[in-house]
Amino acid sequence: MKLTYSNLGGSGNGNGSKLSLGKSIKMYLTIFIATTCIYMVLYQYHISQEPFAGSEVVKPPLYIITPTYRRPEQMAELTRLGYTLKHVANLLWLVIEDANKTNPLVAHTLDRIGVPYEYMVAPMPEKYKQTKRAKPRGVSNRNKGLQYLRQHATEGVLYFADDDNTYDISIFEQMRYINKVAMWPVGLVTKTGVSSPIIQAGKLVGFYDGWIGGRKYPVDMAGFAVSVKFLKERPKAEMPFKPGYEEDGFLRSLAPLANSDIELLADECRDILTWHTQTKKNAPAQALNRTRYQNTNLEFIDKLLVRP
């Protein structure tokens, strides 16, 4: 009988343990579910406070017009500029070559960089090619870019960015919001070392440049930007085929343009964010000895070299 009593007692304790374990599991499960519900409520509240992607403000577009021409440094300079522009949002790069047809190597380079682009050609008129005087380089290219904007753009800002210059990307964000025309200093220009508007008491009072040459706007090509709307209101605005006076002629063609219409960027022209660096000229690469280097990597590399 004692043995039977003992067995009955042991069985009773086991049932109590199972009941306690069941209550514990139920309690922890309740806590888990409650915690999950609280987390989900907090997460949904957090999501509701964030703006929808559709309501995000889109930055005004930038149209970067870059004239280029065939030379040994061409791919290197397009690559350097391209990877600068890659850091700038909502931008279309208009690469316009002084040539009769596009170059597959240029197109390959632009594809590899990955900046949205349009690649076009605009050869210099023959009468200017034949002159023994200074040639108006880049004019046909830039005017082709202006034509493109008149046909395809409705808003935003245009900027002439030569492929041999250096740019601080902050200047692109500053020019993005201008209303008419903006100007700023450009370093490494002529004997003065800088080309810049002269600002006194917050107003544009003149220009500082190593060569004035009777120009109304003695500025560097890298030192100004123009609103697309402002350009399209002036259908005759274009760049003249006059060496040394391209910038001045274009800005004059935007008339009426008062000094008070010109916005002053780069900390009101107290900072330098663009430089007219100019790459050292290199002699064309000598021809590859294809007999000696047949079936080597040099045959592939040779295809990447630009020769006039």
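Read on for a plain summary of the structure. (Residues numbered from 1 in each chain as written. Predicted model: local features only at pLDDT ≥ 70, side-chain atom pairs only at ≥ 80, totals over all residues. Heavy atoms only, no water.)

Remarks on the side chain of Arg-142
So, step 1. Within the secondary structure layout, Arg-142 lies in helix H5 (residues 139-152).
So, step 2. If sequence neighbours within four positions are ignored, Arg-142 has contacts with Ile-65, Pro-67, Arg-137, Phe-160, Asp-162, Met-221 and Met-239. (Helix = DSSP H or I, 4+ residues; strand = E, 2+ residues; numbered from the N terminus. Contact = heavy atoms within 4.5 Å.)

A look at H5
So, step 1. In this model H5 runs 20 Å from its N-terminal to its C-terminal C-alpha over 14 residues, within 8% of the 20 Å that 1.5 Å per residue would give.
So, step 2. Residues of H5 that are buried: Val-139, Ser-140, Asn-141, Arg-142, Asn-143, Gly-145, Leu-146, Tyr-148 and Leu-149. (Expected span 1.5 Å × (residues − 1). Buried < 20%, exposed > 50% of the residue type's maximum accessible area, 1.4 Å probe, protein only.)

Let's talk about helix H2 (residues 74-85)
So, step 1. Spanning 12 residues, H2 covers 16 Å between terminal C-alpha atoms, matching the ideal 16 Å at 1.5 Å per step.
So, step 2. Of all the residues in H2, the buried ones are Gln-74, Met-75, Glu-77, Leu-78, Leu-81, Gly-82, Thr-84 and Leu-85.

Here's the deal with a nonpolar patch on the surface
So, step 1. Where nonpolar side chains cluster on the molecular surface, the patch consists of Leu-29, Phe-32 and Ile-33 and spans about 310 Å² of accessible area.
So, step 2. Within the secondary structure, Leu-29 is located in helix H1 (residues 2-49).
So, step 3. Residue Leu-29 is classed as partly exposed on the basis of its relative accessible area of 48%. (Patch = residues over 30% accessible without salt bridge, like charges linked within 9 Å, V, L, I, M, F, W, Y side chains within 5 Å. Areas by Shrake-Rupley, 256 points an atom, 1.4 Å probe, with all protein chains shown as cover. Salt bridge = Lys/Arg side-chain N within 4 Å of Asp/Glu carboxyl O.)

Comments concerning the packing of aromatic side chains
So, step 1. By the definition in use, this model includes 10 aromatic pairs.
So, step 2. With a centroid separation of 6.0 Å and 80° between ring planes, the pair formed by Tyr-159 and Phe-172 is classed as edge-to-face. In this pair, Tyr-159 sits in strand S4 (residues 157-160) while Phe-172 sits in helix H6 (residues 170-175), placing the two residues 13 residues apart along the sequence.
So, step 3. Over the ring of Tyr-69 we find Arg-137, and its NZ or CZ is 5.9 Å from the ring centre. (Phe/Tyr/Trp six-rings, centres within 6.5 Å; stacked < 30°, edge-to-face > 60°. Lys NZ or Arg CZ within 6 Å of the ring centre and 35° of its normal.)

Thoughts on the packing of H2 against helix H3 (residues 104-113)
So, step 1. For the pair H2 and H3, interaxial distance at closest approach is 10 Å and the crossing angle is 25°. Between H2 and H3, the crossing angle belongs to the class labelled roughly parallel. Crossing handedness for the pair H2 and H3: right-handed. Between H2 and H3, the residues in contact are Gln-74, Met-75, Leu-78, Thr-79, Gly-82 and Tyr-83 and Leu-105, Val-106, Thr-109, Arg-112 and Ile-113, respectively. (Axes fitted to C-alpha atoms, helices over the stretch in contact; angles between N-to-C directions. Parallel < 35°, antiparallel > 145°, perpendicular 65-115°, else oblique. Left-handed = near helix turned anticlockwise from the far one by under 90°.)

A look at the nonpolar core
So, step 1. Counting 35 residues, the largest nonpolar core has Phe-160, Phe-224, Val-226, Phe-250, Leu-251 and Leu-254 as the members making the most contacts within it.
So, step 2. Of the residues forming this core, the biggest block, 4 residues, is contributed by H5.
So, step 3. Once you skip the residues sitting within four places of it in the chain, Phe-224 turns out to touch Tyr-159, Phe-160, Ala-182, Met-183, Trp-184, Val-219, Glu-247, Phe-250 and Leu-251.
So, step 4. Listed in part, the 34 residues of the second largest apolar core include Leu-62, Ile-64, Val-106 and Ala-266. (Core = buried A, V, L, I, M, F, W, Y, C linked by side-chain atoms within 4.5 Å.)

Concerning the sheet that holds strand S11 (residues 262-264)
So, step 1. Pairing is mixed in the open sheet, where 7 strands are placed in the order S3-S2-S1-S4-S10-S6-S11. Both edges of this open sheet fall to strand S3 (117-121) and S11, since each of them pairs with a single strand only. Pairs of neighbouring strands in the sheet enclose a mean axial angle of 25°, with direction left out of account.
So, step 2. Relative to strand S10 (residues 224-227), S4 runs antiparallel, the two being bridged by 3 bridges. Pairing of Tyr-159 across the sheet is with Ala-225, part of S10.
So, step 3. Seen against the sheet, H2 touches strand S1 (62-68) and strand S2 (91-97) and runs at an angle of roughly 165° to S2.
So, step 4. Sitting on the sheet, H3 touches S2 and S3, and the angle it makes with S3 is about 170°. (Pairing = 2+ DSSP bridges.)

Geometry only, nothing functional implied.
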